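For reference, the chains in residue letters:
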Amino acid sequence: DGGITQSPKYLFRKEGQNVTLSCEQNLNHDAMYWYRQDPGQGLRLIYYSQIVNDFQKGDIAEGYSVSREKKESFPLTVTSAQKNPTAFYLCASNKQGRAYNEQFFGPGTRLTVL
Amino acid sequence: GQQLNQSPQSMFIQEGEDVSMNCTSSSIFNTWLWYKQDPGEGPVLLIALYKAGELTSNGRLTAQFGITRKDSFLNISASIPSDVGIYFCAGQHFTSGTYKYIFGTGTRLKVLA
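Residues numbered from 1 in each chain as written. Chains lettered and ligands numbered in written order. Predicted model: local features only at pLDDT ≥ 70, side-chain atom pairs only at ≥ 80, totals over all residues. Heavy atoms only, no water.

### Comments concerning the packing of aromatic side chains
What the rule picks out here adds up to 12 aromatic pairs over all chains. With centroids separated by 5.8 Å and ring planes inclined at 85°, the aromatic side chains of Y33 of chain A and Y101 of chain B adopt a geometry described as edge-to-face. Here the residue Y33 of chain A occupies a position in strand β4 (residues 31–37), and Y101 of chain B occupies one in strand β10 (residues 98–103), the pair thus bridging two chains. The exposure class assigned to Y33 of chain A is buried, which follows from its relative accessible area of 1%. Considering the side-chain rings of F29 of chain B and W32 of chain B, the 5.2 Å spacing of their centres and the 80° angle between planes classify their relative orientation as edge-to-face. The class for F29 of chain B is buried, based on a relative accessible area of 0%. You can call W32 of chain B buried: its relative accessible area is 0%. Members of the aromatic cluster, joined through ring pairs, are Y33, Y35, Y48 and F105 of chain A together with Y35, Y101 and F103 of chain B. For R68 of chain A, the ring lying beneath its charged end belongs to F74 of chain A, and the centroid distance is 6.0 Å. (Phe/Tyr/Trp six-rings, centres within 6.5 Å; stacked < 30°, edge-to-face > 60°. Helix = DSSP H or I, 4+ residues; strand = E, 2+ residues; numbered from the N terminus. Buried < 20%, exposed > 50% of the residue type's maximum accessible area, 1.4 Å probe, protein only. Lys NZ or Arg CZ within 6 Å of the ring centre and 35° of its normal.)

Okay, here's the thing in structure tokens:
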């Protein structure tokens, strides 16, 4: 089955630690995105990548970093510089091109800072 | 970042009732998407709309792409308990060389049996 997987489902971080959230897709999608979701708010874009070895900052990139070494993978690192990292993180992907405008999401990772 | 105006924020309805929610924006979009999200899960795509004026159905769900390309609505007919969840709209446009998606703040639906 094709889809987007995220791991872990739940993640706990101590103050001052960096943590990495995994996102893998086998949909052969070109573009991948990371969003942050907080209660009562819409999704906010952290980083996105259209092709391998290239990525751009979204609206709230401070305190986060990403890499895109493979088409299938787009891991997100939440660094100690992110002052309020407790949130639900969603990875998404879509094909590029005018005919492929549907974006699909993974199941999410809930990060809690202890 | 920009967010879409989605209303209502929440609603309680009786099982069997019809539900309507909408999204509006000051920007024009190429595509409107509607998602449902269950607690602790990722959003699931329900309906995608590609042309102004388009009306599309998926079972008991019907959505329309507004003529002005700045709004969309979603209707759920004959609601059932499993319709409970948060419904999000998203508008997609091409800007700065890439496709970007703007999301509504969600409509929380609760169905009373």
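Past the structure itself, the notes keep going.
### Things to note about the nonpolar core
By size, the foremost hydrophobic cluster in this structure holds 22 residues, and its most contacted members are W32, W34, L74 and L109 of chain B. The set of elements that each furnish at least two residues to this core consists of β2 (10–14), β3 (19–24), β4 (31–37), β5 (44–49), β7 (61–65), β8 (71–76), β9 (85–95) and β11 (107–112) of chain B. Excluding its chain neighbours within four sequence positions, the residues that come into contact with L109 of chain B are M11, I13, V19, I76, D83, V84, G85 and Y87 of chain B. Counting 20 residues, the second-largest nonpolar core is a separate cluster that includes L21, F74, C91 and L111 of chain A. (Core = buried A, V, L, I, M, F, W, Y, C linked by side-chain atoms within 4.5 Å. Contact = heavy atoms within 4.5 Å.)

### Concerning the sheet that holds strand β6 (residues 55–58) of chain B
All names here are of chain B. In space, the five strands of this open sheet follow the order β1-β3-β8-β7-β6, with antiparallel pairing throughout. In this open sheet, the two edge strands, each paired with only one partner strand, are β1 (5–7) and β6. Across the sheet, the mean angle from the axis of one strand to that of its neighbour is 15°, orientation sign disregarded. The sheet contact formed by β7 and β8 spans five bridges and is antiparallel. Directly across from T62, in β8, lies its bridge partner N75. (Pairing = 2+ DSSP bridges. Axes fitted to C-alpha atoms, helices over the stretch in contact; angles between N-to-C directions.)

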